[in-house]
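Residue strings, one per chain:
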Amino acid sequence: IDTLRLITMGFGMYGGNNDGTGYGETVMKNADPAFSGVPYYSYESDNENDGSWYSVRGNIDYQRTSRKLKDRMFTLSYKINARPSTSNSRYGYTLNHVEPGWEDYVNKTLAGQRSDGKQNSSEHTFQADYTTPIAKIHTLETGLKYIIRNNHSDNNRYDKDENYDEDRSSHYKHLNDILAAYVSYGIKVKKFSGRAGVRYERTMQDVKYTEKPEQSFDADFNDWVPSASLGFKITDMSNIRLGYNMRIQRAGIEYLNPYVDERDPLNVSYGNPDLDSEKSNSVNLNYTLFTQKFNINASVSHAFVNNSIEQYTFMDTERPNVSVSTYG
């Protein structure tokens, strides 16, 4: 706008789709070689699947610099990110052989199915930041951020006769409101520089199941996120810096969605809506040297997570030979 005011805008998108078919053959034998001649059962499977995904993102930022102090700055920002996707699949099975006593299990496990799904994640971010020098050696930074994050997932399941399966279908909404505030203090004295800050985040989750409202729930989280760094200017061309940072990672809808994926009847998977936010910690030591002929940048870092979100698999006690995967 002028020498003190600036507006910037950006927009981008990408997307794709897939279309595929598959064929497989499964034979279940006794683990003991002495009894593995005749299988318990065997079947052939065929499937068709297609899907699409897109990502649309944009931002607009306003920056205002002080006329008296060039390092005093105020900014307002807005960002949007939307990620819609679809997925459709059909699975059919042909039974080749089954031993007596396994008929009920096989008939239940190998029921043909079709599913169609729509997922969408949208995120709106509003942010305000202010930084100002204090005297000659101090710097103060502070800011607020508000994120509205909505995740929707609709998965419809049908049996081989095209009858709607309400028990195995899922209509799921995960609404996130995240409010954050931070303050950071920096100091620079001769060859030494330092910075310390803390961010507070409050996450308000509202999880709704439109067809099964009795399973809906709310969950709130409060996280304190510290950071610190210390630097020393060895010469005009080299410096060394030690820093600590914490990061918060919240589970996405693919980790939270309780929809049971049974496309492979022997390997079932679903999400866990009770996951907490993941906290990762990192310590970094960095050395930098600049010369007229070459530059050197060397670093050593250590990172650790005490509550990482991981996928694990267990055997279903109610259905023999079926493994179940979820997150914890």
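Not measured: the values here are computed from a predicted model. (Residues numbered from 1 in each chain as written. Predicted model: local features only at pLDDT ≥ 70, side-chain atom pairs only at ≥ 80, totals over all residues. Heavy atoms only, no water.)

Participant: Account for the nonpolar core, with residues named and values stated.
Facilitator: Residues Met28, Tyr41, Tyr43, Tyr91, Tyr93, Tyr105, Val106, Leu110, Leu266, Val268 and Val322 constitute the largest nonpolar core, which totals 11 residues. Excluding its chain neighbours within four sequence positions, the residues that come into contact with tyrosine 41 are Thr26, Val27, Met28, His97, Val98, Trp102, Tyr105, Val106 and Leu266. Listed in part, the eight residues of the second largest apolar core include Tyr172, Ala251, Leu256 and Ile309. (Core = buried A, V, L, I, M, F, W, Y, C linked by side-chain atoms within 4.5 Å. Buried < 20%, exposed > 50% of the residue type's maximum accessible area, 1.4 Å probe, protein only. Contact = heavy atoms within 4.5 Å.)

Participant: An account of the pattern of salt bridges is requested, with residue identities and associated values reported.
Facilitator: Opposite charge on two side chains allows them to pair when their charged atoms are near. The full count for this structure, using the stated rule, is 13 salt bridges. Of the charged contacts, one joins arginine 157 and glutamate 262 as a salt bridge, the two residues approaching to 3.4 Å between their closest N and O atoms. With arginine 157 in strand S5 (residues 138–159) and glutamate 262 in the loop between helix H2 (253–256) and strand S10 (267–269), this residue pair connects regions lying 105 residues apart in the sequence. With its nearest N and O atoms 2.3 Å apart, the salt bridge here joins arginine 250 to glutamate 201. Taken together, the positions of arginine 250 in the loop between strand S9 (238–249) and H2 and glutamate 201 in strand S7 (residues 192–209) put the pair 49 residues apart, joining distant regions of the chain. Among the ionic contacts, a cluster of salt bridges with common partners joins Asp46, Glu48 and Arg90. (Salt bridge = Lys/Arg side-chain N within 4 Å of Asp/Glu carboxyl O. Helix = DSSP H or I, 4+ residues; strand = E, 2+ residues; numbered from the N terminus.)

Participant: Describe in detail the packing of aromatic side chains, supporting the description with residues and values.
Facilitator: On inspection of all chains with the given rule, the structure shows 13 aromatic pairs. An aromatic cluster is defined as three or more aromatic residues linked by ring pairs; in this entry it consists of Tyr40, Tyr41, Tyr43, Tyr93, Trp102 and Tyr105. A cation over an aromatic ring shows up here: arginine 114 above the ring of tyrosine 158, its NZ or CZ 4.3 Å from the ring centre. (Phe/Tyr/Trp six-rings, centres within 6.5 Å; stacked < 30°, edge-to-face > 60°. Lys NZ or Arg CZ within 6 Å of the ring centre and 35° of its normal.)

Such coordinate-based values are descriptive only and should not be taken to indicate function.
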